[in-house]
Every structure is written in structure tokens, then in C-alpha cells.
Amino acid sequence: MNAFNKVISFYDTNIVKLFGWKHLPNSETNFLFFVPKTYKGETVTLDDGVTIQKGDRILEIHIDNANLKNLDTNYSSIFIMLKDELISLGKLLPQKGYEDYKAVLAVTLLYHLGERAGFTVFDIEDSLKRKMVSVGENILRSALRKEKEDKEKKAKKRIAKKCLISRDKIFTLERYDMI
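Just so we're clear, the structure is a prediction, and the values are computed from it rather than from any experiment.

### Digging into the confidence of the model for the protein
Now for step 1: Summing up the model confidence of the protein, the mean pLDDT is 82 and the portion of residues at 70 or higher is 76%.
Now for step 2: The model gives residues 147-152 a pLDDT under 50, and that stretch makes 2 contacts with residues more than four places away or in other chains.

What follows is the structure, given as C-alpha cells:
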């Protein structure tokens with residue numbers, strides 16, 4: 001691991017500690033962290049008709065970047081891990097203390113996977129924030145990419161998007177195994 005990668009890894013690890021991100025209970029892979037939040041963005045209506053507005057309780061999810069080296073990170077494997085983590089979220093949301101969480105939010109470069117899994121995808125409203133988040137995500141992505149992937153292809157610069165899925169849709173996805 002080169003010095004740049006060590007700095008990025010150190011930064012990532014400390015963000016997790018500083019903000020108290022936790023792995024999802026019952027996760028077999030520890031692919032995602034979650035953190036309770038209050039929604040601060042513009043009012044949005046999700047594909048299933050649920051409206052999310054400023055002040056609503058949400059869970060924000062983040063990929064455990066440090067754990068990626070232990071996981072199969074090809075496209076189909078990431079999708080399967082996301083599906084499994086959404087099922088874990090579906091088991092968490094009815095529990096005491098999580099009943100009032102209306103949706104799950106991810107800000108990610110992998111919004112195509114999120115959309116396929118049932119998230120509604122939105123552009124990040126503020127152009128400066130969109131650029132800053134996208135640059136940060138692309139730096140993190142390139143720093144943490146496995147060496148094999150590095151040799152096979154050069155990373156495209158992508159734009160991050162905001163992805164939201166309602167708690168009700170998570171329950172539906174799990175019940176009918178729609179993803």
C-alpha cells in the first residue's frame with residue numbers, strides 16, 4: 001500500500017469512528033455501515049409515493065471501504081451484498097428505536113446499483129456539494145481499488161447521486177424478494 005492509500009485509509013477509518021457508524025446487525029459481510037440522521041435536503045417524492053422532507057428521520061448508509069479488500073467486489077457480488085444488507089435493514093427498522101425512520105439514504109457513485117435495488121435516484125441539488133462529494137468519492141474509489149482492478153482498467157470519473165428508498169419499500173423487497 002502506497003503512502004496516498006495509507007492516508008486515505010486512515011481518513012476513512014477515523015470518519016467511521018468520529019461519526020459512530022455501525023455495521024448492520026445480522027450482516028454476513030459487513031458491507032455497509034449505517035448511521036441515524038435527520039434529513040436536511042429538499043423535499044423529494046420517491047417512486048413509491050413516499051415524501052421525504054427536511055426533519056424526517058432517515059438512516060444513512062455507507063460502504064465499509066476498509067472491508068472491501070475482504071469481499072468479492074465485482075458488479076454482481078456488490079448487488080447481492082446490497083440486497084442482503086437491505087434485508088438486514090428490513091429486520092432492523094421495526095425494532096424499538098427505529099420505528100420512526102422513514103427512509104434510507106445513500107450518496108454514491110454506484111447509483112445505478114441503487115436504482116436497480118429499488119432506490120429512487122436524485123441529483124445532488126447544490127452543484128458545489130455535488131462536485132465536492134464526487135471528487136471525494138472518486139479519490140476514495142481509486143485509492144481503495146484492488147491492484148488487480150487497477151491494472152485491468154482505468155477508473156472513470158463519475159458523478160455522485162443521492163439515492164433514497166422508503167422503509168415500506170424495503171419491507172416489500174424483502175417479502176417478495178424483488179431484488
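### What about the side chain of asparagine 67?
Now for step 1: Its location among the elements puts asparagine 67 in the loop between β5 (57-63) and α2 (75-92).
Now for step 2: We classify asparagine 67 as buried; its relative accessible area is 13%.
Now for step 3: Not counting residues within four places of it along the chain, the set of residues in contact with asparagine 67 comprises Thr29, Asn30 and Phe31.

### A few points about the sheet that holds strand β2 (residues 32-38)
Now for step 1: The 6 strands are arranged β1-β2-β5-β6-β8-β7 in an open sheet whose pairing can be described as mixed. A single partner strand is all that each edge strand has here, and the edge strands are β1 (22-23) and β7 (120-122).

### So, the pairing of strand β6 (residues 101-108)
Now for step 1: Within β6, 6 of the 8 residues are buried, leaving the element largely enclosed by the surrounding structure.
Now for step 2: Sheet analysis places β5 next to β6, joined by 4 bridges and oriented parallel. Bridge pairing in β6 links glutamate 60 to leucine 105.
Now for step 3: Crossover β5 to β6 through α2 is right-handed.
Now for step 4: Two strands pair when backbone bridges link them, and β6 and strand β8 (residues 161-166) are joined in this way by 6 bridges, in the antiparallel orientation.

### Overview of a negative patch on the surface
Now for step 1: A surface patch of negative charge is lined by Asp47, Asp48, Glu115 and Asp168.
Now for step 2: Tracing the sequence through the fold places aspartate 168 in helix α6 (residues 167-176).
Now for step 3: A relative accessible area of 46% means that aspartate 168 is categorised as partly exposed.

### Some remarks on the layout of surface pockets
Now for step 1: Of the pockets and cavities examined, the second largest pocket occupies roughly 150 Å³.
Now for step 2: Together, Asn26, Ser27, Glu28, Thr29, Asp84, Glu85, Ile87, Ser88 and Lys91 line the second largest pocket.
Now for step 3: For the lining of the second largest pocket, the class distribution of residues is 1 nonpolar, 4 polar and 4 charged.

### Quick word on the pairing of β2
Now for step 1: Judged from the 2 bridges that link them, β1 and β2 form a sheet pairing that is antiparallel. Within β2, the position partnered with lysine 22 by the bridge is phenylalanine 34.
Now for step 2: Where β2 lies against β5, 7 bridges are found, and the strand directions are antiparallel. Looking at the pairing, phenylalanine 34 lines up with isoleucine 61 of β5.

Parameters and conventions
- Residues numbered from 1 in each chain as written.
- Predicted model: local features only at pLDDT ≥ 70, side-chain atom pairs only at ≥ 80, totals over all residues.
- Heavy atoms only, no water.
- pLDDT = per-residue confidence, 0-100.
- Contact = heavy atoms within 4.5 Å.
- Helix = DSSP H or I, 4+ residues; strand = E, 2+ residues; numbered from the N terminus.
- Buried < 20%, exposed > 50% of the residue type's maximum accessible area, 1.4 Å probe, protein only.
- Pairing = 2+ DSSP bridges.
- Right-handed = clockwise from strand over helix to strand, strands pointing away.
- Patch = residues over 30% accessible without salt bridge, like charges linked within 9 Å, V, L, I, M, F, W, Y side chains within 5 Å.
- Areas by Shrake-Rupley, 256 points an atom, 1.4 Å probe, with all protein chains shown as cover.
- Salt bridge = Lys/Arg side-chain N within 4 Å of Asp/Glu carboxyl O.
- Lys, Arg positive; Asp, Glu negative; His and termini not counted.
- Charge placed at Lys NZ, Arg CZ, Asp CG, Glu CD.
- 1 Å grid on protein atoms, 1.4 Å probe; cavity = no way out; pocket = protein on both sides within 12 Å on 5 of 7 lines; lining within 4 Å.
- Points joined across faces, edges and corners; volume = space filled by probe spheres on them.
- Nonpolar A, V, L, I, M, F, W, Y, C, P; charged D, E, K, R; others polar.

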